[in-house]
Amino acid sequence: IIFRLTRRRAPSSRAMTALRTALDAFRAIADPLERYVFLRHLQRRDTSTFYRALVAKPLELMPFVYTPTVGEACERYHELPTAVNGVYITADDAGRVGAKLREHWTTEMAWLREGVGASARGVSARGTGAHAGEAPVAVAVVTDGERILGLGDLGAGGMGISEGKILLYTVCAGVHPTTCLPVCLDVGTNNERLLKDPNYKGLRKERLKGEAYDALVDEFMRELRAWQPRCLVQFEDFGNANAFRILEKYRTTGPCFNDDIQGTAAITLAALLSSLRVTRGELADQKILFYGAGEAGVGIGELIAMAMEKTGMTHNQAMERCYFMDSKGLVCKSRLSGLQPHKVAFAHDVEYQPDLLSAIDAIKPTALIGVSTIGGAFNEDVVKAMAALNERPIIFPLSNPTSKAECTFEQAMRWTDGKVVFASGSPFDPVTRQRDGVKVFPAQANNAYVFPALGYAAALTGASQVTDDLFLAAAEALSKLTTDSEIDAGHLFPDMNAIRDVSVALTAEICEMIVAQGLGSAPRDV
């Protein structure tokens, strides 16, 4: 499975010249979306150079194949002069989903196999369940386009998310690109702008729902499992109403996870654990207030509670350290009858608070986590309220893309006199601290630190399922990899340019855990 363009052998002088030429051309482009398009064209035109560039310069290039640029790319997906790399399964494909998956894999992916070579060491029927003589699928990233980042329903434009996310398995963890399958379930859209857009190439009908929707998802999962029983399935950017439901339905039937729920939880827990190295606090003493109570926030809360239980707390005690604000105010017991099911476990017996400032005053949190997709929600009053309560306030505006971030790094630094412990979902520039002139770097809580390594481990071991324990272990291991000097400079995570080394460490740890739990077998030589 492992794909090491830069490690198999020293690149030839011709390959290095092609790499330099591509990077020079990329750097000459100013507009982020034009950079995205350039890289998409490079992927088709000179596939090996494309992957070599991403592996060599992940920190520089990843923002232009994934967040934050991929958000605009998804919004304008059908205007862009780029070829589709993934497979669309539409509502009209009901009854022939399996045939379409196989047809796409054998014919439409030929360009990729020709571009980088089809050999993928370590892939076997044991690892993936592929039939003899058939190219295996190690990883599939699938979305239905309903909740793309913080941008809402982008319909068939959600393919850009699957295509971007699948690249990170190769860049970060070394999964061979010819074993990676991006998928978009095009079940229609409720986005009127798209339905009226003459360039929109998706289904021009309102979204499927109810039994028809469930039947298409079930046929996709059933046919994929019949074809590739051990393929890891990553669910991406499904709406709240379906994300939890789908995960619970399929999580024990084969290896799968929801990155918005579980991957985001792991990277945020890792950021919190690293933050405690700055504040010198203990996890059991933290009170976390979430602004936003969707799938990402609830997933984070549940994983933090799992980590707190390991300190000796009961489950209820741990859950009661996590508080949530939704569009109607503080989630609490007095609102129980009107809450969505995923919020109920966090409806504590506390007084209702109508807004964020009053909730901060009542709860006195040590950490504030934004998962609301409301840009600017952490205004000066909010941030200063956190700073008044905590010597080193922990503030994580995690919403993507950048326009949806609850606050910027510069704002958080300015409003806390440089004392904030900060992590964001989108990248921000470093800030010079006014009181001492020291340049401080913001941490980006990028799921790419976690999901490629964890998914790689699941593929290598032929894991039968992916448990929450694995995400907890990944978060704890990641938080220990950041050096003291990186922590002092504001980095709560290791250098992204060392992501392959980080992934090696995490993959090894997760493989050991999968085998120890009896969920998979020890990997063969890779």
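An unreviewed UniProt entry lists the protein chain under the name Malic enzyme, with Ostreococcus mediterraneus as the source organism. The Sequence similarities (unreviewed entry) comment attached to the protein chain in UniProt states, word for word, "Belongs to the malic enzymes family."

J.: How would you sum up the overall build of the protein chain? Please name residues and give values.
T.: A count of helices and strands for the protein chain gives 22 helices and 14 strands. In terms of principal-axis extent, the alpha carbons of the protein chain reach across some 60 × 55 × 55 Å. Counting across all 526 residues of the protein chain, residues that qualify as buried make up 60%. A separation of at least 24 residues holds for 74% of the contacts in the protein chain among residues at least 6 apart in sequence. Taken as a whole, the protein chain presents about 20,100 Å² of accessible surface, with 49% of it coming from carbon and sulfur. The average position of the 56 basic charges and that of the 62 acidic charges among the side chains of the protein chain differ by 5 Å.

J.: Which residues make up the pattern of salt bridges, and what values go with them?
T.: Summed over the entire model, instances satisfying the criterion amount to 28 salt bridges. Between Asp214 and Arg245 there is a salt bridge; the shortest N-O distance is 2.9 Å. Placement of the pair is Asp214 in helix 11 (residues 210-227) and Arg245 in helix 12 (residues 240-250), with a sequence separation of 31 residues. Residue classification places Asp214 among the partly exposed positions, given a relative accessible area of 27%. For Asp468, the salt bridge is made with Arg251, and the minimal N-O distance between the two is 3.0 Å. Placement of Asp468 in helix 20 (residues 468-481) and of Arg251 in the loop between helix 12 and strand 5 (256-258) is noted, with a sequence separation of 217 residues between them. If you follow the salt bridges from partner to partner, you end up with Asp93, Arg96, Lys100 and Glu103 in one network.

J.: So what about the sheet that holds strand 4 (residues 232-235)? Which residues, and what values?
T.: The five strands are arranged 1-3-2-4-5 in an open sheet whose pairing can be described as parallel. In this open sheet, the two strands that pair with only one neighbour each are strand 1 (87-90) and strand 5. Sheet twist, expressed as the mean angle between neighbouring strand axes with direction ignored, is 20°. Of the strand pairs in this sheet, strand 2 (residues 139-143) and strand 4 are connected by four bridges, and their pairing is parallel. Opposite Val142, over in strand 4, you have Phe235 as the bridge partner.

Rules used in this analysis
Residues numbered from 1 in each chain as written. Predicted model: local features only at pLDDT ≥ 70, side-chain atom pairs only at ≥ 80, totals over all residues. Heavy atoms only, no water. UniProt positions renumbered as here; feature names shortened; annotations may be inferred. Helix = DSSP H or I, 4+ residues; strand = E, 2+ residues; numbered from the N terminus. Buried < 20%, exposed > 50% of the residue type's maximum accessible area, 1.4 Å probe, protein only. Contact = heavy atoms within 4.5 Å. Areas by Shrake-Rupley, 256 points an atom, 1.4 Å probe, with all protein chains shown as cover. Lys, Arg positive; Asp, Glu negative; His and termini not counted. Charge placed at Lys NZ, Arg CZ, Asp CG, Glu CD. Salt bridge = Lys/Arg side-chain N within 4 Å of Asp/Glu carboxyl O. Pairing = 2+ DSSP bridges. Axes fitted to C-alpha atoms, helices over the stretch in contact; angles between N-to-C directions.

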